[in-house]
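# Structure assessment
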Amino acid sequence: MTWHAGSCIGRRMRHHRSMNWSPFTDEAMADPASGHQYLLDTCPVHCCDGFDPPFFTLSRYEDVQTALRDIETYSSHFGQGPRFTEPAGMLCDPPQHTFYRKILQSWFTPKAVEALREPVTRLTHELVDGILSGPGEFDAHDDFAFPLPVTIIADLLGVPKSDLEQFKHWSDIQVAAMGSAKPEQYLPIQQEFMAYMHSHLMQRRKQIADGVSVPEDLLTLLAGARTEEGEFTPEPDSLSVLNQLLVGGNETTTSLVTNLIWRLLEVPERWQMIVDDPSLIRSAIEESLRYDPPVLGLYRNTTREVRLHGEVIPSGSKVFINYAAANRDASVYPNPDEFDVTRNPQRHMSFGLGVHFCLGAPTARLETEIALSVLRERMPELRLLGAGERIAPFFLWGRRKLPVSWKR
Ligand code: HEM
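Residues numbered from 1 in each chain as written. Predicted model: local features only at pLDDT ≥ 70, side-chain atom pairs only at ≥ 80, totals over all residues. Heavy atoms only, no water.

## Topic: the sheet that holds strand 13 (residues 403-405)
Working definition: the strands of a sheet are paired by backbone hydrogen bonds and lie parallel or antiparallel to each other. Read across the open sheet, the 3 strands follow the order 5-13-10; overall the sheet is antiparallel. In the strand order of this sheet, the two ends are held by strand 5 (137-139) and strand 10 (383-384), each with one partner. With 3 bridges joining them, strand 5 and strand 13 adopt antiparallel strand pairing. Residue Phe138 lies in a different strand from strand 13, and its bridge partner there is Val404. (Pairing = 2+ DSSP bridges. Helix = DSSP H or I, 4+ residues; strand = E, 2+ residues; numbered from the N terminus.)

Spelled out as structure tokens, the structure:
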């Protein structure tokens, strides 16, 4: 990492021993929670001035809640990432955001999500069949948590199965570019992906216009969407939405599954609790989301000067909304640094809040519930062989390697 540390900008806090905290230090990268109590107790408005552009971080539960609800002040208009981007698709404020969200809504109703139970269960069993026919040791990311959501989202979008590996690679590149110090290095691959999606979109539009029968998938939905004036929606917006679905529906769910397996196996008694009592599965999933959010936080853009806790955030600033720290706020969660499978935490921030609340939350929960149910049933002897490695982007949290064994 080439970025420098940031600081707590207030006079009162200037000499605090931890004033060099930043999300880019080796310590914070290895364990993002290492800085949470400092941010919550001492530095609720942090400025990371070593990044270009510099950004502020809000961490307390109440501040995170207020920022996510106050979309007039904390706008999404210039993107959810650390850099300013052009508004497109749903990466913006209402009314455009509402327009695209409404188009997608019918695919994410409880009934639509429940219809995924059967294909998700089938796929999960197929993956486990493959693992059980192997030597005993496997990688919980490569062999299990990665193929599950990517196959499901590719299917929903209508991308051919033969392109899955390529598709996953593109998704990783999009996320890597968002968090990188040198995002331009990823441009050629991003353009390759856009060209791929664009050709699928155009082909589907032509089929719709020609009256040819088309599959019922999200590509058809977006290709056929029209503005109030009856025109097809602008291509950059449709591509942005497709892209967001690809990225949103993919690595995040993989990370939820890997993080959950990791924490359960880290303390074998926790895993045994799940093996003995499957009614704990839902609570364990919510606790994993609270404790290890796959998205540690996302950005907003201030439309006016904000004064908070004695600090000033200028208008036009990037603000990192730190869901992960808010989830460890002791004023909401007693013993916040304890992973408790029986806690069943409500109102954690890991899917965001307000108008941008994650559209895919029920899908992610369903996939993870099935994944864990099948694992405990078919691999009760599962054990951890190491902590593996974290995924690279600083604002995401999951394991890209997680060695495990299903044999004692
Ligand atoms: C554990 C898995 C997941 C996590 C942690 C997660 C996290 C999030 C978060 C934090 C947001 C809020 C963005 C913001 O406030 O700016 C969001 C939005 C979104 N997510 Fe997810 N997500 C997950 C799974 C999914 C899945 C499976 C899908 C699709 C199938 C999906 C699609 C979306 C979409 C479309 C939005 C944008 C909603 C809007 O702006 O109105 N997500 N997600």
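## Let's talk about the packing of aromatic side chains
Taken as a whole and judged by the stated rule, the model has 16 aromatic pairs. With a centroid separation of 4.8 Å and an interplanar angle of 50°, the aromatic rings of Trp170 and Tyr196 are classed as tilted. Of the two residues, Trp170 is situated in helix 9 (residues 164-179) and Tyr196 in helix 10 (residues 187-209); the sequence distance between them amounts to 26 residues. Among the aromatic residues, ring-to-ring pairing joins Phe24, Phe51, Phe55, Tyr299, Phe320, Phe394 and Phe395 into one connected group. Positioned above the aromatic ring of Tyr333 is the side chain of Arg290, whose terminal nitrogen or guanidinium carbon lies 5.3 Å from the ring centre. If you follow Arg399 out to its NZ or CZ, it ends over the ring of Trp397, 5.5 Å from the centre. (Phe/Tyr/Trp six-rings, centres within 6.5 Å; stacked < 30°, edge-to-face > 60°. Lys NZ or Arg CZ within 6 Å of the ring centre and 35° of its normal.)

## Regarding the sheet that holds strand 2 (residues 45-48)
The strand order across the open sheet built from 6 strands is 1-2-3-9-6-4, with neighbouring strands paired in mixed fashion. Across the chains shown, the open sheet's two edge strands, defined by having one partner strand only, are strand 1 (7-8) and strand 4 (74-75). The sheet contact formed by strand 1 and strand 2 spans 2 bridges and is antiparallel. Paired with Ser7 across the bridge in strand 2 is Cys47.

## Looking at the coordination of the iron atom of the ligand
Among all protein atoms, only Cys358 (SG) binds the iron atom of the ligand, sitting 2.3 Å from it. Within the secondary structure, Cys358 is located in the loop between helix 16 (323-326) and helix 17 (361-378). (Donors = N, O, S within 2.8 Å, 3.2 Å for Na, K, Ca; no water.)

## Looking at the environment of Asn259
Secondary-structure assignment places Asn259 in helix 13 (residues 251-266). Separated by 85 residues in the primary sequence, Asn259 and Asn344 place their C-alpha atoms 16 Å from one another.

## Regarding the site of the ligand
The environment of the ligand is formed by 27 residues, the closest being Gln80, His97, Arg101, Arg300 and Cys358. The side chain of His97 places a nitrogen or oxygen atom 2.5 Å from an oxygen atom of the ligand. Arg300 is positioned such that a nitrogen or oxygen atom in its side chain is 2.7 Å from an oxygen atom of the ligand. Of all the secondary-structure elements, those providing two or more residues to the shell around the ligand are helix 4 (96-105), helix 12 (235-248), helix 13 and strand 6 (298-302). Partitioning the shell around the ligand into residue classes produces 14 nonpolar, 11 polar and 2 charged. (Near = heavy atom within 4 Å. Polar contact = N/O pair within 3.5 Å; in protein donor to acceptor, adjacent residues only side chain to side chain. Nonpolar A, V, L, I, M, F, W, Y, C, P; charged D, E, K, R; others polar.)

## Overview of the state of the cysteines
If you walk through the whole model with that rule in mind, you get 0 disulfides. The structure places no disulfide on Cys48, whose sulfur is separated from the nearest cysteine sulfur, that of Cys47, by 7.2 Å. Exposure remark for Cys48: the relative accessible area of 0% places this residue in the buried category. (Disulfide = S-S within 2.5 Å. Buried < 20%, exposed > 50% of the residue type's maximum accessible area, 1.4 Å probe, protein only.)

## Digging into unusual backbone geometry
Following Asp52, the chain continues into Pro53 via a peptide bond in cis, with omega recorded as 0°. Assignment of secondary structure puts Pro53 in the loop between strand 2 and strand 3 (55-58). Of note, the bond from Pro94 into Pro95 is cis; its omega dihedral lies within 30 degrees of zero at 5°. Along the polypeptide, Pro95 turns up in the loop between strand 4 and helix 4. Its identity as a non-glycine residue notwithstanding, Asn335 has a phi of 45°, on the positive side.

## Focus on the pattern of salt bridges
Tallied over the entire structure, the rule returns 18 salt bridges. The partner of Asp172 in a salt bridge is Lys168, with the nearest N and O atoms 3.1 Å apart. Here Asp172 pairs with Lys168, and both are found in helix 9, just 4 residues apart, close to one helical turn. Exposure remark for Asp172: the relative accessible area of 28% places this residue in the partly exposed category. The partner of Glu286 in a salt bridge is Arg365, with the nearest N and O atoms 2.8 Å apart. With Glu286 in helix 15 (residues 281-291) and Arg365 in helix 17, this pair connects stretches of sequence that are 79 residues apart. Take Arg365: its relative accessible area is 28%, and that puts it in the partly exposed class. Via salt bridges that share partners, Glu114, Arg117, Arg282 and Glu369 belong to a single interconnected network. (Salt bridge = Lys/Arg side-chain N within 4 Å of Asp/Glu carboxyl O.)

## A short note on helix 12
The terminal C-alpha atoms of helix 12 lie 19 Å apart, and with 14 residues this matches the ideal 20 Å at 1.5 Å per residue to within 8%. Within helix 12, 10 of the 14 residues are buried, which leaves it mostly tucked inside the rest of the structure. By the burial criterion, the buried members of helix 12 are Asp237, Ser238, Leu239, Ser240, Val241, Leu242, Asn243, Leu245, Leu246 and Val247. Residues of helix 12 that are buried sit in contact with helix 4, helix 8 (147-157), helix 9, helix 10, helix 11 (218-224) and helix 13. (Expected span 1.5 Å × (residues − 1). Contact = heavy atoms within 4.5 Å.)

## Quick word on the environment of Arg69
Tracing the sequence through the fold places Arg69 in helix 3 (residues 61-69). The exposure class of Arg69 is exposed, given its relative accessible area of 55%. Sequence separation between Arg69 and His356 is 287 residues; the distance between their C-alpha atoms is 9.5 Å.

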